[in-house]
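Working through the structure, step by step
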Amino acid sequence: MNTKSYDYLIVGSGLMGATFAHLMHSRGKRCLVVERRPHTGGNIHCTTMAGIQVHQYGAHILHTSDRQVWDFVNRLAPCNRYTNAPLANYEGELYNLPFNMNTFHQMWGVVTPQQAQDMLDRQRAQAREMMGGRDPQNLEEQALLLVGSDIYHKLIKGYTEKQWGRPCTELPAFIIKRLPVRLVYDNNYFNDSYQGIPIGGYNVLTDALLQGIEVRTSCDFLSERNEWESMAGHVFYTGPIDAYFDFSLGHLQYRTVRFETEVLPMPNYQGNAVVNYTHRDVPFTRIIEHKHFECFGQAVYDNPSTVVSREYSTEWTPGMEPYYPVNDQRNSRLLAHYQAMAARLPHVTFAGRLAEYRYYDMAPTIQRALQLAQ
(Lines give C-alpha, C1' and ligand atoms only; values in the text may rest on other atoms or scores of the structure.)
Protein backbone atom coordinates (compact mmCIF):
# COMPACT_ATOMS: atom_id res chain seq x y z
CA MET A 1 0.00 0.00 0.00
CA ASN A 2 1.13 3.54 -0.76
CA THR A 3 0.68 5.49 2.51
CA LYS A 4 1.99 8.76 1.04
CA SER A 5 -0.51 11.58 0.49
CA TYR A 6 1.01 12.49 -2.89
CA ASP A 7 2.89 10.76 -5.65
CA TYR A 8 4.99 13.85 -6.37
CA LEU A 9 6.04 16.83 -4.32
CA ILE A 10 7.14 19.53 -6.79
CA VAL A 11 9.33 22.18 -5.17
CA GLY A 12 9.02 25.39 -7.17
CA SER A 13 6.23 26.58 -9.48
CA GLY A 14 8.42 28.07 -12.21
CA LEU A 15 8.19 26.84 -15.77
CA MET A 16 10.06 23.60 -15.02
CA GLY A 17 8.06 22.68 -11.93
CA ALA A 18 4.70 23.79 -13.32
CA THR A 19 5.20 21.90 -16.60
CA PHE A 20 6.25 18.71 -14.82
CA ALA A 21 3.30 18.98 -12.41
CA HIS A 22 0.92 19.48 -15.33
CA LEU A 23 2.23 16.43 -17.16
CA MET A 24 2.07 14.13 -14.14
CA HIS A 25 -1.34 15.42 -13.07
CA SER A 26 -2.66 14.71 -16.58
CA ARG A 27 -1.58 11.08 -16.06
CA GLY A 28 -3.57 10.76 -12.86
CA LYS A 29 -0.71 11.31 -10.42
CA ARG A 30 -1.33 13.08 -7.13
CA CYS A 31 0.80 16.22 -7.12
CA LEU A 32 1.53 18.93 -4.56
CA VAL A 33 3.42 22.06 -5.61
CA VAL A 34 5.10 24.17 -2.94
CA GLU A 35 6.45 27.63 -3.76
CA ARG A 36 8.70 29.91 -1.71
CA ARG A 37 7.37 33.12 -3.26
CA PRO A 38 3.86 34.47 -2.64
CA HIS A 39 3.00 33.86 -6.31
CA THR A 40 3.37 31.06 -8.84
CA GLY A 41 5.34 31.11 -12.08
CA GLY A 42 8.86 31.70 -10.82
CA ASN A 43 10.76 34.15 -13.01
CA ILE A 44 8.12 34.21 -15.76
CA HIS A 45 5.60 35.79 -13.37
CA CYS A 46 3.93 38.97 -14.62
CA THR A 47 2.34 41.84 -12.74
CA THR A 48 -0.16 44.33 -14.14
CA MET A 49 0.73 48.03 -14.08
CA ALA A 50 -1.30 50.70 -15.90
CA GLY A 51 -3.12 47.92 -17.73
CA ILE A 52 0.16 46.49 -19.06
CA GLN A 53 1.61 43.03 -18.42
CA VAL A 54 5.02 43.61 -16.81
CA HIS A 55 7.68 40.89 -16.85
CA GLN A 56 8.57 41.24 -13.18
CA TYR A 57 11.83 39.29 -13.32
CA GLY A 58 13.07 40.36 -16.74
CA ALA A 59 11.98 39.87 -20.34
CA HIS A 60 10.96 36.35 -21.35
CA ILE A 61 10.33 35.44 -25.00
CA LEU A 62 9.29 31.97 -26.06
CA HIS A 63 11.17 30.90 -29.20
CA THR A 64 11.68 27.43 -30.59
CA SER A 65 11.85 25.29 -33.70
CA ASP A 66 10.40 22.35 -31.77
CA ARG A 67 6.82 22.02 -32.98
CA GLN A 68 5.93 19.80 -30.03
CA VAL A 69 6.92 22.53 -27.55
CA TRP A 70 5.19 25.28 -29.53
CA ASP A 71 1.94 23.30 -29.82
CA PHE A 72 2.10 22.30 -26.16
CA VAL A 73 2.22 25.93 -25.05
CA ASN A 74 -0.36 27.19 -27.53
CA ARG A 75 -2.91 24.56 -26.52
CA LEU A 76 -2.76 26.04 -23.02
CA ALA A 77 -2.11 29.71 -23.76
CA PRO A 78 -2.16 30.93 -27.40
CA CYS A 79 0.80 33.16 -28.23
CA ASN A 80 0.90 36.48 -30.05
CA ARG A 81 3.14 37.43 -32.98
CA TYR A 82 5.90 39.22 -31.04
CA THR A 83 9.26 39.12 -32.87
CA ASN A 84 12.38 39.97 -30.91
CA ALA A 85 14.35 42.73 -32.67
CA PRO A 86 16.42 44.56 -30.02
CA LEU A 87 18.39 47.74 -30.53
CA ALA A 88 21.75 48.82 -29.15
CA ASN A 89 22.29 52.40 -27.99
CA TYR A 90 25.92 53.55 -27.93
CA GLU A 91 26.18 57.20 -26.86
CA GLY A 92 22.97 58.00 -28.73
CA GLU A 93 23.87 56.01 -31.85
CA LEU A 94 21.35 53.23 -32.56
CA TYR A 95 22.31 49.86 -34.04
CA ASN A 96 20.15 46.86 -34.91
CA LEU A 97 20.80 43.50 -33.29
CA PRO A 98 21.86 40.83 -33.99
CA PHE A 99 24.74 41.95 -36.20
CA ASN A 100 23.26 42.14 -39.70
CA MET A 101 23.36 44.34 -42.79
CA ASN A 102 21.40 47.06 -41.00
CA THR A 103 24.05 47.05 -38.26
CA PHE A 104 26.90 47.20 -40.76
CA HIS A 105 25.23 50.02 -42.70
CA GLN A 106 24.77 51.97 -39.48
CA MET A 107 28.37 51.27 -38.44
CA TRP A 108 30.27 51.78 -41.73
CA GLY A 109 27.80 53.04 -44.34
CA VAL A 110 28.17 49.86 -46.43
CA VAL A 111 25.19 48.80 -48.51
CA THR A 112 26.12 45.40 -50.00
CA PRO A 113 27.00 42.10 -48.31
CA GLN A 114 30.39 42.06 -50.06
CA GLN A 115 31.27 45.50 -48.71
CA ALA A 116 30.37 44.36 -45.20
CA GLN A 117 32.35 41.13 -45.61
CA ASP A 118 35.40 43.05 -46.80
CA MET A 119 35.28 45.33 -43.76
CA LEU A 120 34.88 42.40 -41.38
CA ASP A 121 37.73 40.50 -43.03
CA ARG A 122 40.01 43.54 -42.80
CA GLN A 123 39.39 44.04 -39.09
CA ARG A 124 39.65 40.32 -38.33
CA ALA A 125 43.01 40.22 -40.10
CA GLN A 126 44.21 43.12 -37.94
CA ALA A 127 43.23 41.15 -34.83
CA ARG A 128 45.07 38.04 -36.03
CA GLU A 129 48.17 40.10 -36.74
CA MET A 130 48.01 41.69 -33.29
CA MET A 131 47.91 38.23 -31.68
CA GLY A 132 50.73 36.86 -33.81
CA GLY A 133 48.75 33.77 -34.76
CA ARG A 134 48.24 32.51 -31.19
CA ASP A 135 44.87 31.46 -29.79
CA PRO A 136 42.80 34.15 -28.05
CA GLN A 137 43.57 34.36 -24.34
CA ASN A 138 40.45 36.21 -23.17
CA LEU A 139 37.02 37.39 -24.26
CA GLU A 140 38.33 40.62 -25.77
CA GLU A 141 40.73 38.83 -28.09
CA GLN A 142 38.08 36.26 -29.04
CA ALA A 143 35.58 39.01 -29.91
CA LEU A 144 38.14 40.92 -31.99
CA LEU A 145 38.80 37.77 -34.02
CA LEU A 146 35.08 37.26 -34.58
CA VAL A 147 33.79 40.75 -35.44
CA GLY A 148 36.72 43.19 -35.41
CA SER A 149 37.44 46.31 -33.38
CA ASP A 150 34.57 48.65 -34.35
CA ILE A 151 31.71 46.33 -33.40
CA TYR A 152 33.60 45.06 -30.37
CA HIS A 153 34.29 48.50 -28.87
CA LYS A 154 30.84 49.94 -29.55
CA LEU A 155 28.47 47.00 -29.11
CA ILE A 156 30.20 44.31 -27.04
CA LYS A 157 32.86 45.59 -24.66
CA GLY A 158 30.88 47.91 -22.37
CA TYR A 159 27.75 45.77 -22.29
CA THR A 160 29.70 42.60 -21.49
CA GLU A 161 31.73 44.28 -18.74
CA LYS A 162 28.53 45.52 -17.11
CA GLN A 163 26.99 42.07 -17.35
CA TRP A 164 29.93 40.26 -15.76
CA GLY A 165 31.27 43.01 -13.51
CA ARG A 166 34.87 42.67 -14.73
CA PRO A 167 36.99 43.72 -17.73
CA CYS A 168 36.72 41.68 -20.92
CA THR A 169 40.45 41.01 -20.68
CA GLU A 170 39.76 39.07 -17.45
CA LEU A 171 36.89 37.00 -18.87
CA PRO A 172 37.54 33.62 -20.53
CA ALA A 173 37.38 33.43 -24.30
CA PHE A 174 34.87 30.54 -24.29
CA ILE A 175 32.03 32.85 -23.14
CA ILE A 176 31.66 34.00 -26.76
CA LYS A 177 32.87 31.10 -28.85
CA ARG A 178 30.84 32.57 -31.68
CA LEU A 179 28.88 35.74 -32.44
CA PRO A 180 26.04 35.69 -34.98
CA VAL A 181 26.91 37.66 -38.14
CA ARG A 182 24.25 37.88 -40.84
CA LEU A 183 24.88 39.40 -44.23
CA VAL A 184 21.15 40.06 -44.76
CA TYR A 185 18.82 42.90 -43.76
CA ASP A 186 16.99 40.92 -41.07
CA ASN A 187 16.54 42.23 -37.51
CA ASN A 188 14.83 39.09 -36.19
CA TYR A 189 17.06 38.11 -33.27
CA PHE A 190 16.16 34.42 -33.30
CA ASN A 191 16.53 31.84 -36.06
CA ASP A 192 13.72 29.69 -34.65
CA SER A 193 10.59 28.81 -36.60
CA TYR A 194 8.26 30.04 -33.86
CA GLN A 195 8.33 32.87 -31.36
CA GLY A 196 5.81 34.84 -29.34
CA ILE A 197 4.42 35.60 -25.90
CA PRO A 198 1.20 34.17 -24.38
CA ILE A 199 -1.69 36.56 -25.00
CA GLY A 200 -2.52 38.11 -21.64
CA GLY A 201 0.95 37.39 -20.22
CA TYR A 202 2.75 34.41 -18.78
CA ASN A 203 0.41 34.05 -15.80
CA VAL A 204 -2.16 32.69 -18.26
CA LEU A 205 0.27 29.89 -19.10
CA THR A 206 1.19 29.21 -15.47
CA ASP A 207 -2.46 29.10 -14.39
CA ALA A 208 -3.27 26.66 -17.18
CA LEU A 209 -0.33 24.42 -16.28
CA LEU A 210 -1.34 24.30 -12.61
CA GLN A 211 -5.10 24.01 -13.11
CA GLY A 212 -6.57 21.34 -10.82
CA ILE A 213 -3.30 20.88 -8.91
CA GLU A 214 -2.86 21.66 -5.23
CA VAL A 215 -0.45 24.59 -4.84
CA ARG A 216 0.83 26.15 -1.64
CA THR A 217 2.66 29.46 -1.90
CA SER A 218 4.85 31.27 0.65
CA CYS A 219 6.18 27.90 1.82
CA ASP A 220 9.82 27.39 2.74
CA PHE A 221 10.47 23.80 1.73
CA LEU A 222 14.05 23.76 2.99
CA SER A 223 13.19 24.82 6.54
CA GLU A 224 10.80 21.87 6.97
CA ARG A 225 12.24 19.46 4.42
CA ASN A 226 11.65 16.23 6.33
CA GLU A 227 8.00 17.00 6.90
CA TRP A 228 7.38 17.95 3.27
CA GLU A 229 9.29 14.98 1.86
CA SER A 230 7.39 12.56 4.09
CA MET A 231 4.19 13.51 2.24
CA ALA A 232 5.20 12.24 -1.21
CA GLY A 233 6.75 9.23 -2.85
CA HIS A 234 9.07 11.35 -4.99
CA VAL A 235 10.43 14.91 -4.82
CA PHE A 236 10.89 17.00 -7.95
CA TYR A 237 13.20 19.78 -6.76
CA THR A 238 13.83 22.95 -8.81
CA GLY A 239 15.56 25.10 -6.19
CA PRO A 240 19.31 25.72 -5.85
CA ILE A 241 21.18 22.43 -5.58
CA ASP A 242 23.65 23.82 -3.01
CA ALA A 243 20.77 25.06 -0.83
CA TYR A 244 19.28 21.54 -0.76
CA PHE A 245 22.49 20.35 0.88
CA ASP A 246 22.61 23.32 3.28
CA PHE A 247 25.61 24.81 1.40
CA SER A 248 27.73 22.17 3.14
CA LEU A 249 30.47 22.45 0.50
CA GLY A 250 30.09 26.18 -0.14
CA HIS A 251 27.96 28.47 -2.30
CA LEU A 252 27.74 28.23 -6.06
CA GLN A 253 28.12 31.68 -7.60
CA TYR A 254 25.71 33.64 -9.80
CA ARG A 255 25.24 36.99 -11.45
CA THR A 256 22.00 38.69 -10.49
CA VAL A 257 19.83 41.48 -11.88
CA ARG A 258 18.21 44.47 -10.20
CA PHE A 259 15.23 46.23 -11.80
CA GLU A 260 13.96 49.80 -11.57
CA THR A 261 10.41 49.85 -12.95
CA GLU A 262 8.21 52.93 -13.41
CA VAL A 263 4.98 53.98 -15.08
CA LEU A 264 5.45 56.90 -17.48
CA PRO A 265 2.63 59.30 -18.56
CA MET A 266 3.22 58.75 -22.26
CA PRO A 267 2.05 56.10 -24.72
CA ASN A 268 5.46 55.26 -26.23
CA TYR A 269 8.86 55.77 -24.60
CA GLN A 270 11.42 54.11 -26.87
CA GLY A 271 9.46 52.51 -29.70
CA ASN A 272 10.85 49.03 -29.04
CA ALA A 273 10.59 46.37 -26.36
CA VAL A 274 14.34 46.02 -25.77
CA VAL A 275 17.11 48.60 -26.07
CA ASN A 276 20.60 47.63 -24.86
CA TYR A 277 22.90 50.38 -23.57
CA THR A 278 26.37 49.31 -24.59
CA HIS A 279 28.55 52.14 -23.25
CA ARG A 280 30.34 51.26 -20.02
CA ASP A 281 29.48 54.59 -18.36
CA VAL A 282 25.71 53.96 -18.55
CA PRO A 283 25.01 52.06 -15.31
CA PHE A 284 22.15 49.87 -16.58
CA THR A 285 22.46 47.22 -19.28
CA ARG A 286 19.13 47.73 -21.00
CA ILE A 287 15.66 49.27 -20.85
CA ILE A 288 12.58 47.12 -21.36
CA GLU A 289 9.34 48.79 -22.46
CA HIS A 290 6.81 46.11 -21.63
CA LYS A 291 3.81 47.18 -23.72
CA HIS A 292 5.71 46.37 -26.94
CA PHE A 293 5.60 42.70 -26.00
CA GLU A 294 1.84 42.71 -26.49
CA CYS A 295 0.90 45.84 -28.50
CA PHE A 296 1.89 46.29 -32.13
CA GLY A 297 1.64 49.19 -34.55
CA GLN A 298 -0.93 51.86 -33.79
CA ALA A 299 -2.36 49.79 -30.90
CA VAL A 300 0.58 51.03 -28.81
CA TYR A 301 -1.22 54.37 -28.54
CA ASP A 302 -4.49 52.92 -27.23
CA ASN A 303 -3.03 53.10 -23.71
CA PRO A 304 -1.84 56.61 -22.77
CA SER A 305 0.71 55.19 -20.29
CA THR A 306 3.72 52.93 -20.61
CA VAL A 307 5.93 50.93 -18.22
CA VAL A 308 9.71 50.71 -18.47
CA SER A 309 12.25 48.68 -16.50
CA ARG A 310 15.94 49.50 -16.27
CA GLU A 311 18.11 46.44 -15.64
CA TYR A 312 21.28 46.52 -13.59
CA SER A 313 23.59 43.52 -13.57
CA THR A 314 25.33 43.00 -10.21
CA GLU A 315 27.42 40.48 -8.34
CA TRP A 316 25.31 37.96 -6.44
CA THR A 317 25.65 37.48 -2.70
CA PRO A 318 23.75 34.98 -0.50
CA GLY A 319 20.22 36.19 0.09
CA MET A 320 19.88 37.78 -3.36
CA GLU A 321 17.90 36.21 -6.19
CA PRO A 322 20.23 34.00 -8.28
CA TYR A 323 19.96 34.51 -12.05
CA TYR A 324 22.90 33.43 -14.20
CA PRO A 325 25.29 30.60 -13.22
CA VAL A 326 28.98 31.47 -13.35
CA ASN A 327 30.34 28.40 -15.12
CA ASP A 328 34.02 28.81 -14.33
CA GLN A 329 36.39 26.09 -13.09
CA ARG A 330 35.77 26.76 -9.42
CA ASN A 331 31.99 26.47 -9.73
CA SER A 332 32.20 23.50 -12.10
CA ARG A 333 34.24 21.55 -9.55
CA LEU A 334 31.86 22.46 -6.72
CA LEU A 335 28.84 21.53 -8.84
CA ALA A 336 30.34 18.10 -9.58
CA HIS A 337 30.57 17.39 -5.84
CA TYR A 338 26.97 18.45 -5.23
CA GLN A 339 25.79 16.38 -8.20
CA ALA A 340 27.55 13.33 -6.72
CA MET A 341 25.62 13.88 -3.49
CA ALA A 342 22.37 14.28 -5.44
CA ALA A 343 22.97 11.01 -7.30
CA ARG A 344 22.77 9.17 -3.98
CA LEU A 345 19.16 10.33 -3.48
CA PRO A 346 16.96 8.20 -5.76
CA HIS A 347 13.78 9.71 -4.31
CA VAL A 348 14.73 13.24 -5.51
CA THR A 349 14.97 14.60 -9.06
CA PHE A 350 17.01 17.81 -9.41
CA ALA A 351 15.78 19.76 -12.43
CA GLY A 352 15.95 23.26 -13.84
CA ARG A 353 18.19 26.30 -13.92
CA LEU A 354 19.00 26.34 -10.20
CA ALA A 355 18.94 22.63 -9.45
CA GLU A 356 21.16 21.79 -12.43
CA TYR A 357 23.16 25.03 -12.25
CA ARG A 358 22.87 25.77 -15.95
CA TYR A 359 21.19 28.46 -17.99
CA TYR A 360 17.90 27.27 -19.47
CA ASP A 361 15.90 29.22 -22.01
CA MET A 362 12.13 28.70 -21.94
CA ALA A 363 11.72 26.14 -24.72
CA PRO A 364 14.59 23.91 -23.49
CA THR A 365 13.02 24.08 -20.02
CA ILE A 366 9.78 22.66 -21.40
CA GLN A 367 11.69 20.07 -23.45
CA ARG A 368 13.54 18.97 -20.31
CA ALA A 369 10.29 18.67 -18.33
CA LEU A 370 8.75 16.58 -21.11
CA GLN A 371 11.77 14.25 -21.08
CA LEU A 372 11.75 13.87 -17.30
CA ALA A 373 8.01 13.22 -17.22
CA GLN A 374 8.42 10.53 -19.87
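Here is a short report on the structure shown in this document. (Residues numbered from 1 in each chain as written. Predicted model: local features only at pLDDT ≥ 70, side-chain atom pairs only at ≥ 80, totals over all residues. Heavy atoms only, no water.)

With that settled, the discussion passes to the state of the cysteines. Scanning the entire structure with this criterion turns up zero disulfides. With no disulfide of its own, Cys31 has Cys219 as its nearest cysteine by sulfur position, at a separation of 16 Å. (Disulfide = S-S within 2.5 Å.)

Note that strand S3 (residues 46–49) and strand S4 (residues 52–55) share four bridges and pair antiparallel. Bridge pairing in S4 places Met49 opposite Ile52. Linking two consecutive strands that pair antiparallel, namely S3 and S4, is a turn of two residues; a positive phi of about 55 degrees is found at Ala50 within it. (Pairing = 2+ DSSP bridges. Helix = DSSP H or I, 4+ residues; strand = E, 2+ residues; numbered from the N terminus.)

With that settled, the discussion passes to empty space enclosed by the protein. As enumerated under the stated definition, the model contains one cavity of 30 Å³ or more in all. The space that makes up the largest cavity amounts to roughly 40 Å³. Along its surface, the largest cavity is lined by Gln53, His55, Ile197, Pro198, Gly201, His290, Phe293 and Glu294. Grouping the amino acids of the lining of the largest cavity by side-chain chemistry returns three nonpolar, four polar and one charged. (1 Å grid on protein atoms, 1.4 Å probe; cavity = no way out; pocket = protein on both sides within 12 Å on 5 of 7 lines; lining within 4 Å. Points joined across faces, edges and corners; volume = space filled by probe spheres on them. Nonpolar A, V, L, I, M, F, W, Y, C, P; charged D, E, K, R; others polar.)

This part is about the side chain of Asn188. Mapped onto the elements of the fold, Asn188 is located in the loop between helix H5 (139–164) and strand S8 (194–196). Only 3.2 Å separates the side chain of Asn188 from the backbone nitrogen of Phe190, close enough to count as a polar contact. Those residues in contact with Asn188 that sit more than four places away from it in its chain are Thr83, Asn84, Pro98, Arg182 and Gln195. (Polar contact = N/O pair within 3.5 Å; in protein donor to acceptor, adjacent residues only side chain to side chain. Contact = heavy atoms within 4.5 Å.)

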